[in-house]
Amino acid sequence: QFSDATVNDLRTSLELFIDDIVWSDASDYRQLLLANHLFLNERLGDLYGKPDLEGGFQKVSLPNSGRNGVITHPFLLSSLAYHDNSSPIHRGVFLTRNIVGLTLKPPPVAIEFEDNHFPANLTMREKVTEMTKAKACMSCHEMINPLGFSLEHYDAIGRWRAKERNKPINDNGILKTDAGDRVEIKGPRDVAEYAANSKTAHEAFVRQLFHHMVKQPIRAYGPNRADLLEDSFRNQGHSIRHLMIQISLAATQPVVPQT
């Protein structure tokens with residue numbers, strides 16, 4: 001069922017979701033992470049738990065299905081997965097850098113995941129834990145793995161699952177931040193709420209949106225530009241629309257040379 005048409009529908013679904021948040025009255029960045037609805041049509045409804053849907057795309061509330069904004073959107077989950085299973089490492093790296101806003105160093109050694117090297121009865125979490133247990137790996141994977149494991153209830157195409165290899169899914173973990181804090185995580189909702197209230201995550205969102213709109217890094221526009229935009233973003237209730245206006249204005253102002 002996961003055809004090219006499904007992929008196109010999922011892309012449309014994500015775009016509709018983002019538009020719905022950005023152009024709402026509040027335009028609240030935190031709802032990108034916390035909203036529990038999806039836009040589904042009949043084809044997607046059959047796959048993602050709403051087989052009674054009829055017609056085109058509709059905003060569907062899914063309060064009990066573990067959906068938390070973009071973090072658990074099936075388009076994102078399926079693009080960060082293998083063809084036949086999840087990928088906690090790909091998903092965890094994305095969450096670490098782009099949602100939570102933590103810093104990752106390049107790995108000292110690139111290791112290819114080879115599924116056939118593991119016993120067939122191991123879950124994906126067990127395989128990743130075994131593969132990354134070395135001390136050199138864990139310097140980054142103590143951030144990556146807990147975030148990736150938080151999404152293990154979602155299979156290769158982002159459908160909710162209760163078990164893998166006939167074992168209950170374990171999506172709990174302890175996230176160690178680059179500031180040395182230890183954050184208990186029990187599934188994607190905890191990740192979403194942590195990022196929604198994290199200064200580091202807000203800073204990452206401002207930097208990424210600036211780069212997306214201006215096509216230049218924010219530091220190219222002066223040493224204080226990021227701080228000014230971040231303060232304005234927080235003071236305006238994390239309004240994405242307000243931030244977009246401020247970024248557009250900042251991009252037209254002369255760059256002050258650093259001395």
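Further up the page is the structure itself.
Residues numbered from 1 in each chain as written. Predicted model: local features only at pLDDT ≥ 70, side-chain atom pairs only at ≥ 80, totals over all residues. Heavy atoms only, no water.

(A) Representation of the overall build of the protein chain within the structure. Helix and strand content of the protein chain: 11 helices and 6 strands. Here the protein chain has a C-alpha radius of gyration of 19 Å; the compact-globule value for 259 residues is 18 Å, and the two agree. If one aligns the C-alpha atoms of the protein chain with their principal axes, the spans along those axes are about 60 × 50 × 30 Å. Here the protein chain holds 259 residues, and the buried ones make up 47% of them. Of the contacts made within the protein chain by residues no fewer than 6 positions apart, 64% connect residues no fewer than 24 positions apart. Carbon and sulfur atoms make up 51% of the accessible area of the protein chain, which totals about 13,600 Å². Within the protein chain, the 31 negative side-chain charges are centred at a point lying 5 Å from the centre of the 29 positive side-chain charges. (Helix = DSSP H or I, 4+ residues; strand = E, 2+ residues; numbered from the N terminus. Rg over C-alpha atoms; globule rule 2.2 N^0.38 Å. Buried < 20%, exposed > 50% of the residue type's maximum accessible area, 1.4 Å probe, protein only. Contact = heavy atoms within 4.5 Å. Areas by Shrake-Rupley, 256 points an atom, 1.4 Å probe, with all protein chains shown as cover. Lys, Arg positive; Asp, Glu negative; His and termini not counted. Charge placed at Lys NZ, Arg CZ, Asp CG, Glu CD.)

(B) Summary view of the layout of surface pockets. Within this model, the largest pocket holds a volume of roughly 690 Å³. Forming the walls of the largest pocket are 22 residues, and the residues nearest its centre are Ile18, Leu32, Phe205, Gln208 and Leu209. The set of elements that each furnish at least two residues to the lining of the largest pocket consists of α1 (4-22), α2 (31-34), α4 (74-79), α5 (88-100), α9 (199-214) and α11 (240-252). Among the elements that make up the lining of the largest pocket, the one with the highest residue count is α9 (6 residues). Here the lining of the largest pocket is composed, by residue class, of 18 nonpolar, 4 polar and no charged. (1 Å grid on protein atoms, 1.4 Å probe; cavity = no way out; pocket = protein on both sides within 12 Å on 5 of 7 lines; lining within 4 Å. Points joined across faces, edges and corners; volume = space filled by probe spheres on them. Nonpolar A, V, L, I, M, F, W, Y, C, P; charged D, E, K, R; others polar.)

(C) The arrangement of α9 in detail. Over its 16 residues, α9 runs 22 Å from end to end, which matches the ideal 22 Å to within 8%, given 1.5 Å per residue. Those residues of α9 not exposed but buried are Ala201, His202, Glu203, Ala204, Phe205, Val206, Leu209, Phe210 and Val214. Between the side-chain oxygen at the start of α9 and the backbone nitrogen of Thr200 there is a gap of 3.3 Å, and the oxygen is on Ser198. Positive backbone phi, approximately 65 degrees, marks Lys215, located one or two places after α9. (Expected span 1.5 Å × (residues − 1). Polar contact = N/O pair within 3.5 Å; in protein donor to acceptor, adjacent residues only side chain to side chain.)

(D) Expanded view of the packing of aromatic side chains. This model, assessed by the stated rule, comprises 7 aromatic pairs. A network of ring pairs unites the aromatic residues Tyr29, Phe205 and Phe233 as a single cluster. (Phe/Tyr/Trp six-rings, centres within 6.5 Å; stacked < 30°, edge-to-face > 60°.)

(E) Up close: the side chain of Ser232. Note on placement: Ser232 falls in helix α10 (residues 225-235). According to the relative accessible area criterion, Ser232 is buried, its value standing at 17%. With near-sequence residues (within four places) excluded, Ser232 lies in contact with His242 and Gln246.

(F) Geometry of the pairing of strand β5 (residues 172-176). Burial of β5 is one-sided: the residues Gly173 and Leu175 facing one way are buried, the residues Asn172, Ile174 and Lys176 facing the other way are not. Across 5 bridges, β5 lies against strand β6 (residues 182-186) in antiparallel orientation. Bridge assignment links Asn172 to a residue of β6, and that residue is Lys186. In this antiparallel pair of consecutive strands, β5 and β6, the connection spans 5 residues, and Gly180 shows a positive phi of 90 degrees. (Pairing = 2+ DSSP bridges.)

Function-wise, these values are silent; they only describe arrangement.
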